[in-house]
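# Commentary on secondary and tertiary structure
Next come the chains, spelled out residue by residue.
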Number of protein chains: 2
Amino acid sequence: MDLTDNDDPLDLDRQVCFPLYAASNLLNRLYRPILSELGLTYPQYLVMLVLWKHTPQTVGSLGELLFLDSGTLTPLLKRMETGGLITRTRDTADERRVLIHLTQKGRDLRSPALRVPEALAERLDIDIEEVVRLRDQVSRLVASLHTSSQATGSTSTERKPC
Amino acid sequence: MDLTDNDDPLDLDRQVCFPLYAASNLLNRLYRPILSELGLTYPQYLVMLVLWKHTPQTVGSLGELLFLDSGTLTPLLKRMETGGLITRTRDTADERRVLIHLTQKGRDLRSPALRVPEALAERLDIDIEEVVRLRDQVSRLVASLHTSSQATGSTSTERKPC
DNA sequence: TACGGTAATATTGTGCACAATTAAAAATTG
DNA sequence: CAATTTTTAATTGTGCACAATATTACCGTA
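As named in an unreviewed UniProt entry, chain A is DNA-binding transcriptional regulator, MarR family, taken from Tropicimonas isoalkanivorans.

The structure is reproduced here in structure tokens:
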């Protein structure tokens, strides 16, 4: 039953990526009914988190912060524009850029969204200390993944399986 | 700069779910070119991991192991059948079930797939100890998410934000 | 001031992921 | 055994996620 007591590199229990994949799916499933009351999907909620912090953003700046590209963001932002949460306008100073601004409706959504974290917490059942550790460890992985996706070369000697 | 030095519950850096979401996307992006050489996507690779371990499976048993439902698996398995990796046949003993068997081509794919973990490891740059800790912590989260998605009631007093 | 190169966004096509619904077979129960 | 309920998978419709490509705008230089 020990997860490490196994020498098959293709055993599901030895995979690092599968728990991350499963956790992401399960969390999305948990968020869905909560966010649907606000008329948001999870990636749309992430865009709102960024915009509530600092406006305007461009498609590119959102993509850097959320690790998404225009192929994902452009249609997503169009749906949010249709929903009346944001505006998409070409930057007159640089016509290549598209500026994303919040509408009043988008700003007003922040207040009810403040209850989202606790609504989610009600559906979970984990020690808060462990969650903070988990967050910081996954964040380090994300940072590592982000840099390794840019530079193919590596300097470390210690490597790891996934 | 401290991630915890912040009292805004809607700050992106305080989210637990966002790093998991980002890590899942980034890992999938990393797997893609490696698995495409085998003609697999990441969820298809997970199905193969299960089938290489034990055959046959049903749509339901695969769904339980991978936390996916028939809406995702049915079209995915049809593509794998079209690709010649598996067969889908109704269970004669219980006509509701669909049995998933490996074809010879599917079995033969295991040998080249043995190199997938190391191919992925080459593109990462993390200490192996930390990865094992991460895997076990995320696995506990997945277990917790799995149970909390079934039973709405909870007994713990300590809750956590996300 | 054309022009080659680069940067930012949009488009296209494929494959998930899921809620909600449907369909059919099996199990249960009166 | 007939009616009801449950189980299993498929279908439908929406929204990501991404690679590859296209489009348009900026930028530098000769």
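Structure shown, so let's carry the discussion forward.
## Here's the deal with the overall build of chain A
Counting its regular elements, chain A contains eight helices and three strands. Reading chain A from its N end, one meets helices and strands in the order α-α-β-α-α-β-β-α-α-α-α. A total of 162 residues make up chain A; the buried ones form 46% of that total. If you take every contact in chain A between residues at least 6 apart in sequence, the share linking residues at least 24 apart comes to 50%. As displayed, chain A has an accessible area near 8,500 Å², and 49% of this comes from carbon and sulfur atoms.

## Focus on the protein's contact with DNA strand D
Taken together, 29 residues lie near DNA strand D, and Thr41 of chain A together with Tyr21, Thr74, Lys78 and Arg88 of chain B sit nearest. Each atom of DNA strand D within 4 Å of the protein belongs either to a base or to sugar and phosphate, the latter forming 84%. Contact distances for DNA strand D include 2.7 Å between a phosphate oxygen and a backbone N or O atom of Gly60 of chain B. Contact distances for DNA strand D include 2.7 Å between a base nitrogen and a side-chain N or O atom of Ser70 of chain B. Broken down by secondary-structure element, the contributors of at least two residues to the surface near DNA strand D are α2 (42-53), α4 (70-82) and β3 (94-102) of chain A together with α1 (17-36), α3 (59-66), α4 (70-82), β2 (86-91) and β3 (94-102) of chain B. Among the residues forming the surface near DNA strand D, the class breakdown is seven nonpolar, ten polar and twelve charged.

## Thoughts on the nonpolar core
Core analysis: the biggest nonpolar cluster contains 104 residues, and Leu77 of chain A together with Leu77 of chain B have the highest contact counts within it. Those residues in contact with Leu77 of chain B that lie beyond four places of it in its chain are Val47, Val59, Leu62, Ile86, Arg88 and Ile100 of chain B.

## Quick look at the pattern of salt bridges
When the charged atoms of two side chains with opposite charge come close together, those side chains can pair. The full count for this structure, using the stated rule, is 16 salt bridges over all chains. Between Arg110 of chain B and Asp8 of chain A there is a salt bridge; the shortest N-O distance is 3.3 Å. Here Asp8 of chain A lies in the segment before α1 (17-36) and Arg110 of chain B lies in helix α6 (residues 110-113), a pairing that spans two chains. The buried category is assigned to Asp8 of chain A, whose relative accessible area is 11%.

## Details of the protein's contact with DNA strand C
Surveying the vicinity of DNA strand C reveals 28 residues, the closest of which are Tyr21, Thr74, Lys78 and Arg88 of chain A together with Thr41 of chain B. Here the atoms of DNA strand C within 4 Å of the protein split so that 82% fall in sugar or phosphate, with bases taking the remainder. In this structure, Gln44 of chain B approaches DNA strand C through a side-chain N or O atom, which is 2.7 Å from a phosphate oxygen. One of the backbone N or O atoms of Glu95 of chain B is found 2.9 Å from a phosphate oxygen in DNA strand C. At the level of secondary structure, the elements contributing two or more residues to the surface near DNA strand C comprise α1, α3 (59-66), α4, β2 (86-91) and β3 of chain A together with α2 (42-53), α4 and β3 of chain B. Along the lines of polarity and charge, the residues of the surface near DNA strand C split into seven nonpolar, ten polar and eleven charged.

## So, the pairing of β3 of chain B
Two faces make up the sheet, and in a regular strand the side chains alternate between them. All names here are of chain B. Pairing geometry for strand β1 (residues 57-58) and β3, over two bridges, is antiparallel. In the sheet register, Gln57 faces β3, and the bridge partner there is Ile100. Here β2 pairs with β3 via six bridges, running antiparallel. Paired with Thr89 across the strands is Leu99, a residue of β3. Here β2 folds back onto β3, and the loop between the two strands holds two residues.

## Focus on α4 of chain B
Each α-helix turn comprises 3.6 residues. Residues three or four places apart therefore point the same way. All names here are of chain B. An ideal rise of 1.5 Å per residue puts 18 Å on 13 residues; α4 measures up with 17 Å between its terminal C-alpha atoms. Buried within α4 we find Leu73, Leu76, Leu77 and Met80. Buried residues along α4 cover an arc of 100 degrees about the axis, so they all sit on one side. Of the exposed residues in α4, the ones pointing more than 90 degrees away from its buried face are Gly71, Arg79 and Thr82. Residues of α4 that are buried sit in contact with α2, α3, β2 and β3.

## Here's the deal with the interface of chain B and chain A
With 73 residues of chain B at the contact, the number on the chain A side is 73 residues. Between chain B and chain A the total buried area reaches about 7,200 Å² when both faces are included, carbon and sulfur atoms providing 66% of it. Between the two partners, chain B and chain A, sit eight salt bridges. At the junction of chain B with chain A, the criterion picks out 14 residue pairs in polar contact (both at pLDDT 80 or more). At the level of secondary structure, the elements contributing two or more residues to the side of chain B that touches chain A comprise α1, α2, α3, α6, α7 (116-123) and α8 (128-148) of chain B. By residue number, the principal contributor to the side of chain B that touches chain A is α8 of chain B, which donates 17 residues. Residues of the side of chain B that touches chain A, tallied by class, amount to 43 nonpolar, eleven polar and 19 charged.

The rules we used
- Residues numbered from 1 in each chain as written.
- Chains lettered and ligands numbered in written order.
- Predicted model: local features only at pLDDT ≥ 70, side-chain atom pairs only at ≥ 80, totals over all residues.
- Heavy atoms only, no water.
- Helix = DSSP H or I, 4+ residues; strand = E, 2+ residues; numbered from the N terminus.
- Buried < 20%, exposed > 50% of the residue type's maximum accessible area, 1.4 Å probe, protein only.
- Contact = heavy atoms within 4.5 Å.
- Areas by Shrake-Rupley, 256 points an atom, 1.4 Å probe, with all protein chains shown as cover.
- Near = heavy atom within 4 Å.
- Polar contact = N/O pair within 3.5 Å; in protein donor to acceptor, adjacent residues only side chain to side chain.
- Nonpolar A, V, L, I, M, F, W, Y, C, P; charged D, E, K, R; others polar.
- Core = buried A, V, L, I, M, F, W, Y, C linked by side-chain atoms within 4.5 Å.
- Salt bridge = Lys/Arg side-chain N within 4 Å of Asp/Glu carboxyl O.
- Pairing = 2+ DSSP bridges.
- Expected span 1.5 Å × (residues − 1).
- Arc of directions from axis to C-beta.
- Buried area = accessible area lost by both parts, 1.4 Å probe.

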